[in-house]
Amino acid sequence: MPEIRILTDRVANQIAAGEVVERPVAVVKELIENSIDAGASKIEVEFRNGGKSYLRVEDDGSGMNPDQALLCLERHATSKIRKASDLNDVQTFGFRGEALPSISSVSRFTLRTRSKGNEEGNEIFINGGKMIHVKECGMPYGTRIEVSHLFNSVPGRRKFLKTEVTEASHIIHLSKLYALAHPSITFSLLEGGRTLFRSPACEGFAERVRETLGKGLAECLAPIEASEGGLALRGLIGKPGESRPTRKEMIFFVNRRPIESKTLAHAVLEAYHTYAPKGRFPPAILFLGIDPALVDVNVHPAKREIRFREERKVRQFLLESIVARNRQLADRPDLHESAPEMEVDGLSGMLVPKMDPQALRLHQTQEGVNEAGTGYQGEPERELALGVVPDSSSDDKTAPPLAGEGLIEAQEKRRSLRVGRRDDPNADWRLLDRTHGDMAVLSSAQGIVAFHCRAAYERIRYEQLEDCFGNDEKASTQSLLLAESLEFDGQEAALIEKGRADLEKVGFSLEEFGRNFYRMKGCPTWIDPREAVAFLRDFVEVARESGGEMNTEAFAKEALIRQATQNHGGREDFSEDEIVRIGNQLLKCRNPYTCPRGRPIYFETPRRDFESRFRRKL
Ligand code: ADP
Ligand code: MG
């Protein structure tokens, strides 16, 4: 049998390096975290060739005295915890004492550091884990670490690295994340001497976002802040209608640590369900504050994925906070006063929500049936005069304007736009023609609008249904002429019992009339009575599958979408008058950008695009 031996430190470090610093960006992460832990107010990061040939992280933090400098390169040497119980209360990024020995075991590693009270700095040079020299050096306070020829001594690992461009993009992204989380630290990032970004200590987070992620993105975002039951959320979220083609701008921090979390990502996607088109992602930069004891950070030392002890609570909190904020941002003050009414659709004989009377009035006004100055004309002023988006849950008209100016103005501008026929001189959007199927083309001051009539119609109905649904006082129930009988098995009946209060809240009226037998005497106005039984059966089915967990609201939402998108009141075709009316109603919607299934409703091709294609001014 071969002899059993203890590995030398050098080999142990090289093995650990494979875990802790598997690629250049992981080295950058460890070094930046050390600098932040050392209380730096300035951090500079430089890299070359995607970090493979050269990396440098330099700070003006506490620095180390000569003894500490030597010790920090030993395995499990850390100044951040002493005993196991400290682990429950770690406030720093590091605590394993593994990073520096690991990195220095697989690279050419130069540490230069000077702490307050030391005349000189110290330089330590290590090559592939072997100490080459230690000497004094002149330098300002702080620490500068250079790493070159990363993984040269471990060719197996070097082979796994992606292209320089990919590695570089990871380093850039990561550096920005830390910059975002620490606006008070001056951050610079250089690639081979060229500055990629430099952000002096910022006033606040929003300013940092502008400096690191760009003005374009910053303008698409609105601030959010919420707290509840030991959870605190703050940050910026995409204004309704804003979306991105990738998840790159869905950025999460937990206790200021950039992390990845399926829980948080799903909550955001769900919150934007009807606000962002399918296959696109809402931008969101969110900081979650939570008791560290409720987070499992170190699922893997190099991975950023984290787990929460109370997944559901966190998810729910995030979802509700963002939904509430989105509603606030996209509120339609004008339509809230008038409770939506239902009417019998002439064509199908079905109960459908009445079209927005204000938009109808506008339409009539345009057609010459003026209602003696009552109604629409006065409305835009009133909206403008309010100047704030009223919080629908309170009557506090003195509430300060919400931050994120520009948004409200844009919203008001949108709502005051008028759609008209081609020859209407007062219209902002003029209908030119219905060109292909459900597509219409309109001209606007800024360009040409392609408009999907059916998608718009579905959105309007969806929001009207949603209004009925959210209308508590008027328990919007329609009585059924003939009560429907329903028979369930024991388990199903128990689920119905459990969800009954909720079902009644959304408009069902159920009566038990025997063991496991129910009579449905009324159903919500937002559902076609013929579908009400199927709805209840689906409801029970879903509740059973999810082990008795019921989310009546979410379930009803899905039914609303179905209701809004199926049978368009028998409409096969949209006349020009209807398109004009739909257009006007759409612009008043909370979210006029996407249909309830998340597909776009209209897009505007700006005039400058035409100009660049024609290569001349129009
Ligand atoms: P950890 O961060 O887990 O403690 P590291 O190997 O990353 O382990 O660092 C070891 C020790 O070296 C740290 O605990 C800290 O005392 C010291 N150190 C590392 N980087 C710096 C720095 N930039 N400034 C001051 N001290 C540092
Ligand atoms: Mg560390």
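Before reading on, note that the structure itself is shown above.
Residues numbered from 1 in each chain as written. Chains lettered and ligands numbered in written order. Predicted model: local features only at pLDDT ≥ 70, side-chain atom pairs only at ≥ 80, totals over all residues. Heavy atoms only, no water.

Participant: Before we go on, may I ask you to explain the environment of Gly-279 in this structure?
Facilitator: Mapped onto the elements, Gly-279 comes out in the loop between helix H9 (262–271) and strand S13 (284–289). Accessibility expressed as a relative area gives 62% for Gly-279, which makes it exposed. Sequence separation between Gly-279 and Pro-245 is 34 residues, and the spatial gap between their C-alpha atoms is 7.3 Å. (Helix = DSSP H or I, 4+ residues; strand = E, 2+ residues; numbered from the N terminus. Buried < 20%, exposed > 50% of the residue type's maximum accessible area, 1.4 Å probe, protein only.)

Participant: What's the story with the pattern of salt bridges in this structure? I'm lost.
Facilitator: Pairing is possible between side chains of opposite charge, provided their charged atoms come close. Under the criterion given, the structure shown has 25 salt bridges. Lys-29 is the salt-bridge partner of Glu-30, the closest N and O atoms lying 3.9 Å from each other. Among the residues examined, Glu-30 registers a relative accessible area of 13% and is labelled buried. Residue classification places Lys-29 among the buried residues on the basis of a relative accessible area of 12%. With a shortest N-O distance of 3.3 Å, Arg-500 and Glu-504 are connected by a salt bridge. Here the residue Arg-500 and the residue Glu-504 both occupy positions in helix H16 (residues 490–505), the gap between them amounting to four residues, near one helical turn. Using a relative accessible area of 17% as the deciding quantity, one classes Arg-500 as buried. Shared partners join several salt bridges into a network, and the residues in it are Glu-44, Glu-46, Arg-48, Arg-56, Glu-58, Arg-144 and Glu-146. (Salt bridge = Lys/Arg side-chain N within 4 Å of Asp/Glu carboxyl O.)

Participant: In this structure, what is going on with the sheet that holds strand S24 (residues 517–524)? I would like to understand it.
Facilitator: Neighbouring strands of a sheet are bound in pairs by backbone hydrogen bonds; such pairs are parallel or else antiparallel. Pairing in this open sheet of three strands is antiparallel, and the strands run S22-S24-S23 from one edge to the other. Here the strands that pair on one side only, and so sit at the sheet edges, are strand S22 (477–487) and strand S23 (509–512). Across the sheet, the mean angle separating the axes of adjacent strands is 20° when strand polarity is ignored. Sheet topology places S23 next to S24; four bridges connect them, and they run antiparallel. If you follow Leu-510 over to S24, its bridge partner there is Met-520. Taken strand by strand, H16 contacts S23 and S24, and its axis lies near 145° from that of S23. (Pairing = 2+ DSSP bridges. Axes fitted to C-alpha atoms, helices over the stretch in contact; angles between N-to-C directions. Contact = heavy atoms within 4.5 Å.)

Participant: Looking at this structure, I do not really get helix H7 (residues 205–213). What am I missing?
Facilitator: The α-helix winds at 3.6 residues per turn, so residues separated by three or four positions along the chain end up facing the same way. Of the positions making up H7, those classed as buried are Phe-205, Arg-208, Val-209 and Thr-212. Buried residues along H7 cover an arc of 105° about the axis, so they all sit on one side. Among the residues trailing H7, Gly-214 stands out with phi positive, at a value near 100°. (Arc of directions from axis to C-beta.)

Participant: Looking at this model, I keep getting lost on unusual backbone geometry. Mind explaining?
Facilitator: Backbone phi values are negative for most residues with the exception of glycine, while trans is the configuration of most peptide bonds. In this model, Asn-49 sits at a positive phi of 50°, which is unusual for a non-glycine residue. Relative to the elements of secondary structure, Asn-49 occurs in the loop between strand S1 (42–48) and strand S2 (54–59). On the accessibility criterion, Asn-49 (35% relative accessible area) is partly exposed. A positive phi is found at Arg-256, a non-glycine position, where the angle reads about 70°. For Arg-256, the position within the fold is in the loop between strand S11 (250–254) and strand S12 (257–259).

Participant: Before we go on, may I ask you to explain the side chain of Ser-321 in this structure?
Facilitator: With respect to the element layout, Ser-321 can be found in helix H10 (residues 311–329). Residue Ser-321 is classed as buried on the basis of its relative accessible area, which comes to 11%. Not counting residues within four places of it along the chain, the set of residues in contact with Ser-321 comprises Ile-224, Ala-226 and Leu-233.

Participant: Quick question: what am I supposed to make of the nonpolar core here?
Facilitator: One broad trend across soluble globular proteins is that nonpolar side chains are buried collectively. Among the nonpolar cores identified, the biggest contains 40 residues, and Phe-109, Leu-111 and Val-147 are the most heavily contacted of them. For this core, the leading source of residues is helix H2 (residues 24–37), giving seven residues. Apart from the residues lying within four places of it in its own chain, the contact partners of Phe-109 are Leu-73, Leu-100, Ile-103, Ser-104, Ile-124, Phe-125, Ile-126, Ile-145, Glu-146 and Val-147. Formed by 31 residues, the second largest nonpolar core is a distinct cluster that contains Met-250, Ala-265, Ile-322 and Leu-329. (Core = buried A, V, L, I, M, F, W, Y, C linked by side-chain atoms within 4.5 Å.)

Participant: Just to check I follow, could you spell out the pairing of S13 for this structure?
Facilitator: A regular strand places its side chains so that they alternate between the two faces of the sheet. Counting buried positions along S13 gives five out of six residues, so the element sits mostly inside the fold. As paired strands, strand S10 (residues 231–238) and S13 are joined by six bridges and run antiparallel to one another. Across the sheet, residue Gly-235 finds its bridge partner in S13, namely Leu-286. Here S11 pairs with S13 via five bridges, running parallel. Residue pairing for S13: Ile-251 is matched across the bridge by Ile-285.

Participant: I'm lost on the packing of H2 against helix H6 (residues 164–181) in this one. Help?
Facilitator: Packed helices, taken two at a time, are described by the angle between their axes plus the distance between the axes. As a packed pair, H2 and H6 sit with axes 9 Å apart at the nearest point and diverge in direction by 20°. What the angle tells us is that H2 and H6 run roughly parallel. The handedness of the crossing between H2 and H6 comes out as right-handed. Contacts between H2 and H6 involve Pro-24, Val-25, Val-28, Lys-29, Ile-32, Glu-33 and Ile-36 on the former and, on the latter, Glu-167, His-170, Ile-171, Leu-174, Ser-175 and Tyr-178. Looking at side-chain class alone, the contact of H2 with H6 contains eight nonpolar, two polar and three charged residues. (Parallel < 35°, antiparallel > 145°, perpendicular 65-115°, else oblique. Left-handed = near helix turned anticlockwise from the far one by under 90°. Nonpolar A, V, L, I, M, F, W, Y, C, P; charged D, E, K, R; others polar.)

Participant: Explanation requested: the packing of aromatic side chains in the structure shown.
Facilitator: For any pair of aromatic rings, geometry is given as the distance between the ring centres together with the angle between the planes. In this structure the tally under the stated criterion is seven aromatic pairs. Measuring from ring centre to ring centre gives 6.3 Å for Tyr-593 and Tyr-602, while their planes differ by 40°; the resulting arrangement is tilted. What makes Tyr-593 partly exposed here is its relative accessible area of 28%. Through pairs of rings, three or more aromatic residues link up here, namely Phe-205, Phe-253 and Phe-287. When the ring centre of Tyr-141 is taken as reference, the NZ or CZ atom of Lys-116 above it lies at 5.5 Å. The ring of Phe-287 carries the charged tip of Arg-234 above its face, separated from the ring centre by 4.8 Å. (Phe/Tyr/Trp six-rings, centres within 6.5 Å; stacked < 30°, edge-to-face > 60°. Lys NZ or Arg CZ within 6 Å of the ring centre and 35° of its normal.)

Participant: Just checking my understanding: could you explain the sheet that holds S11 for this structure?
Facilitator: Read from one edge of the open sheet, five strands run S9-S10-S13-S11-S12, paired in mixed fashion. Each edge of the sheet is formed by a strand with only one pairing partner; in this case those strands are strand S9 (221–228) and S12. Looking at each pair of strands side by side, their axes are set apart by 20° on average, direction ignored. Where S9 meets S10, eight bridges bridge the pair, whose relative direction is antiparallel.

Participant: Honestly, the environment of Glu-136 in this entry has me stumped. Any pointers?
Facilitator: Within the secondary structure, Glu-136 is located in strand S5 (residues 130–137). Judged by relative accessible area, Glu-136 falls into the exposed class, the value being 58%. The spatial distance from the C-alpha of Glu-136 to the C-alpha of Asn-122 is 4.5 Å, given a sequence separation of 14 residues. What Glu-136 contacts, discounting residues up to four positions off in sequence, is Glu-120, Gly-121 and Asn-122.

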